[in-house]
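Chain residues, written in single-letter form:
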Amino acid sequence: QVQLVESGGGLVQPGGSLRLSCAVSGSIFSINIMGWHRQAPGKQRELVARIRSGGETTYADSVKGRFTISRDNAKKTVYLQMNSLKAEDTAVYYCNAVYPNGGGSYWGQGIQVTVSS
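Below you will find a few notes about this structure. Everything numeric here is computed off the predicted structure, so don't read it as measured data.

## A word on the overall build of the protein
No. 1: The helix and strand tally for the protein stands at zero helices and eleven strands.
No. 2: Against the 2.2 N^0.38 benchmark of 13 Å for 117 residues, the protein shows a C-alpha radius of gyration of 14 Å, consistent with a compact globule.
No. 3: On the principal axes, the C-alpha backbone points of the protein span a range of 45 × 25 × 25 Å.
No. 4: For the protein, with 117 residues in total, the buried portion stands at 41%.
No. 5: Considering only intrachain contacts with a sequence separation of at least 6, the fraction spanning at least 24 residues in the protein is 53%.
No. 6: In the protein, 12 side chains carry a positive charge and 7 a negative one; their mean positions are 3 Å apart.

Structure, rendered in structure tokens:
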């Protein structure tokens, strides 16, 4: 059973930084894609960033240049470094892991990020 546990969220002022972590139970090496998604009130869940097993990264246009996704296989953890945060980054952030060959897609429970003065 794969479990993803997010941490590192909270309240931050505009212009500030946060680092989200997603700890993976089970093997991280077999995961094809890991990503961070977010859902703001009244809006659909959207992709923020993802990283493939080969290290290729993809970012939403709204976060390019401000957010960085990375993975530490030894610690079985994926990170989302968020800098220059804006009020519109406020949302619940979800970690996602996709296994290849029909292995399934798994989600964390979500963690709140609030950007406000």
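## Observations regarding the sheet that holds strand β1 (residues 4-7)
No. 1: Read across the sheet, four strands follow the order β1-β3-β8-β7 without closing on themselves; strand pairing throughout is antiparallel. A strand with exactly one partner marks an edge of an open sheet, and here the two such strands are β1 and β7 (67-72). If you compare each strand with its neighbour and ignore which way they point, the axes differ by 15° on average.
No. 2: Note: β1 against strand β3 (residues 18-24), four bridges, orientation antiparallel. Pairing of Ser7 across the sheet is with Ser21, part of β3.

Calculation rules
- Residues numbered from 1 in each chain as written.
- Predicted model: local features only at pLDDT ≥ 70, side-chain atom pairs only at ≥ 80, totals over all residues.
- Heavy atoms only, no water.
- Helix = DSSP H or I, 4+ residues; strand = E, 2+ residues; numbered from the N terminus.
- Rg over C-alpha atoms; globule rule 2.2 N^0.38 Å.
- Buried < 20%, exposed > 50% of the residue type's maximum accessible area, 1.4 Å probe, protein only.
- Contact = heavy atoms within 4.5 Å.
- Lys, Arg positive; Asp, Glu negative; His and termini not counted.
- Charge placed at Lys NZ, Arg CZ, Asp CG, Glu CD.
- Pairing = 2+ DSSP bridges.
- Axes fitted to C-alpha atoms, helices over the stretch in contact; angles between N-to-C directions.

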